[in-house]
Structure formats: C-alpha cells, structure tokens
Amino acid sequence: MFSSLAAFLASTGLTEDQKEFQKVALDFAAKEMAPYMAEWDEKEIFPVETMRKAAQLGFGGIYVKPDVGGSGLSRLDTSIIFEALSTGCTSTTAYMSIHNMCVWMIDTFGNEEQRRRFCPSLCSMEKFASYCLTEPGSGSDAASLLTSAQRKGDSYVLNGSKAFISGGGDTDVYVVMCRTGGPGPKGISCLVLEKGMPGLSFGKKEKKVGWNSQPTRAVIFEDCVVPVGNRLGAEGQGFNIAMQGLNGGRINIASCSLGAAHASVLLAQEHLTVRKQFGEPLASNQICNQALQMHGGYGYLKDYAVQQFVRDIRVHQILEGTNEVMRMIVARNLLQG
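Owing to the predicted nature of the structure, the values given are computational and were not obtained by experimental measurement. (Residues numbered from 1 in each chain as written. Predicted model: local features only at pLDDT ≥ 70, side-chain atom pairs only at ≥ 80, totals over all residues. Heavy atoms only, no water.)

Caption draft 1: Representation of the overall build of the protein chain in the model. Of the regular secondary structure elements, the protein chain holds eleven helices and ten strands. Out of the 337 residues in the protein chain, the part that is buried amounts to 50%. Long-range contacts, defined here as pairs at least 24 residues apart, represent 71% of the contacts in the protein chain between residues at least 6 apart. Summing over all exposed atoms, the protein chain offers an accessible surface of approximately 15400 Å²; the carbon and sulfur share of this is 55%. (Helix = DSSP H or I, 4+ residues; strand = E, 2+ residues; numbered from the N terminus. Buried < 20%, exposed > 50% of the residue type's maximum accessible area, 1.4 Å probe, protein only. Contact = heavy atoms within 4.5 Å. Areas by Shrake-Rupley, 256 points an atom, 1.4 Å probe, with all protein chains shown as cover.)

Here is the structure:
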C-alpha cells in the first residue's frame, strides 16, 4: 500500500528539488517506518535508531542553518517532508517535528556559542530535544505559566513543573519557558536544560490513546540550577521565542495530519475495492466521509492501520494550540486586515 503513496501524494507545483525531497521521505516512510508502526504503538517504543537514520538524510534539523549541521531548507520544503514521513508513522513524525522546532529555536535565538554547543548533536539526532511550555494549570493560556527561575549570580534556580512533554525523560535537551520577571508574557524567559542537571526529574510515563511511539511525561524542577549562559535571548524574550517556535510547529503538525489523511484515504480506497457486499465491491454501495467509517467494523480492529492514524492525529486538535485557539488566531489576523 505505502509503495503507491508516491503517486498518490500531490506534487503539482513543486520544484524538482521538492519532488526529490518528497520521494526520499516517502521511501523512508515506506521502508523504515510503516512496517514497524503498529509494533511501536503496541509496545510503546521510542524508535531512536530509526530517527537517527532519518537524520542522516537531513531530517534532524530540516530548517536549521547548515553551518551547525542543519539542512537549511524552507518551511514549505519542511512541510512536504513531514507530510510524506507521516504516511509511515504519524506519531514518530510528530515527535520529529517538535525536535526540529526546538533545534530551530536554539539556532535562531541562541548566540554563536549556544548554536555550536547544542545544534550539531541535535541535527544528527545523537541527542533529542523536548519543548517545555505547557503546565498543569496553563495550557492554551501559556502567558500565565508559573515555573519560576530566580537569578542567583551566574545561575538561575528553577522551581515548578511542565505537563504533557513529548519525549520527556527520554530526551537530552529541554527548551524551557519560565518566569524570570513579573506576571504576563513579558516576564517569561527561555532556558535550555540538559538531562542530568541536579534538580531536574520526570514524572511517570503517561498512558495515551495515541502518539505511543513517543513517551510523554511531566518535567519537574526542584531547585534546579541552570547557568545564565543557557538562556536563549534576553530576559523577558521567552514568550516571543515560544510563540515563534509554535508558529512553525503548528504548520509542521498540520503537515503530519495531511500525511495521515493521505494514508488513511488510500487504506480506505483499497478496502472498499476488495471487500464485497451484496456481490459487488463495497465502493459501489457506500459513500462515506471518513476512512475509518468506510472500513465498517474492521476499522475498529487494531489489525487495520487506519485506526492508528485516527488515534494518532486526534491530539493534533489539542496540542500547539487547540482548534478553538487556532480559530481565535485566524479571526484576530483577519480583523487586523
């Protein structure tokens, strides 16, 4: 099935280079991801070696500058790649998109020393990154976050926690939004933490409906000492950094959703062609809006991949801005002209 996705995914209007990126990503998805997608989901495996293979193709820092190991591609190139990879495993691709967002944030807002210290090993996926914004009491209202970072000499002392962190506990680098000043967005700064720092710990691994190929845990700070040299940008710039990261991250997640939709439609197409009702292919008798519905009762069985795509993309309506928040953003931009 997945081998025929190259013909199924639209490439009209793409440059020759973009068509090549798409083909490489589709081939990787078909050979290195799709055959293992169900196992990763069932056994909750974080496929680090597979992602490192993807990084060898340049997918660990797709829109990061080449001087620190990135591929230096455009946002459109990135979207094409994530859409194609997602046909093989949406959950794993979604994590890769978050990792890419973190590396871009360090590349864009970090100084030269920070860029060269963190980015090369992240672009190669020797190390993995997590984005830490959401807290138990602040999801969509990110500007109200409470995790505090008190300046003491050449260090900050962090206290607080983050919730629902993709990769939490298994990853190496944590891009953390914390409060260094007063209330509201202008009191937020961005620090880069590394696993193993004293005072940094993790909650239990969450049991989730989907996204099971990436671990999710709370990230906890208890008098966690972080050098001032790990701050990205100036004090008070953290909220802006976080939102600029999310602006791209939201496109990445949408691209993952498109890839899952493409794969699901093709699965439904094959199912409707093969399965018969009343002596004719099911496709001759049914018109339906959703690929899972098209599968009938089979779509509810874990033997059929379509149910995993449905489970994996459900959270895309919540993270990096709920559907309701996204509508508010669109409306605000329209009203601003």
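Caption draft 2: A look at the state of the cysteines. Inspection of the entire model under this criterion finds zero disulfides. Looking at the unpaired Cys 132, the closest cysteine sulfur is the one in Cys 102, lying at 7.5 Å. (Disulfide = S-S within 2.5 Å.)

Caption draft 3: Molecular detail of the pattern of salt bridges. According to the stated counting rule, one finds 18 salt bridges in the structure shown. One salt bridge in this structure joins Asp 27 and Lys 23, with 2.9 Å as the shortest N-O distance. On the criterion of helical spacing, the pair formed by Asp 27 and Lys 23 is a turn pair, its members being four residues apart in helix α2 (residues 16-33). The salt bridge partner of Glu 113 is Arg 117, with a shortest N-O separation of 2.7 Å. Here Glu 113 pairs with Arg 117, and both are found in helix α7 (residues 112-123), just four residues apart, close to one helical turn. Take Arg 117: its relative accessible area is 33%, and that puts it in the partly exposed class. (Salt bridge = Lys/Arg side-chain N within 4 Å of Asp/Glu carboxyl O.)

Caption draft 4: Up close: the packing of aromatic side chains. For the coordinates displayed, the defined rule picks out seven aromatic pairs. The interplanar angle of 25° and the centroid separation of 6.0 Å between the aromatic rings of Tyr 36 and Trp 40 together place this pair among those described as stacked. Summarising the aromatic geometry, the rings of Tyr 95 and Phe 128 are spaced 6.3 Å apart at their centres and angled 55° between planes, so their arrangement reads as tilted. Residue Tyr 95 is found in helix α6 (residues 90-109), and its partner Phe 128 is found in the loop between α7 and β1 (129-132); the two are separated by 33 residues along the sequence. Members of the aromatic cluster, each reached through a chain of ring pairs, are Phe 46, Tyr 95 and Phe 128. Of note, Arg 75 hangs over the ring of Trp 104, and the distance from its end group to the ring centre comes to 4.8 Å. (Phe/Tyr/Trp six-rings, centres within 6.5 Å; stacked < 30°, edge-to-face > 60°. Lys NZ or Arg CZ within 6 Å of the ring centre and 35° of its normal.)

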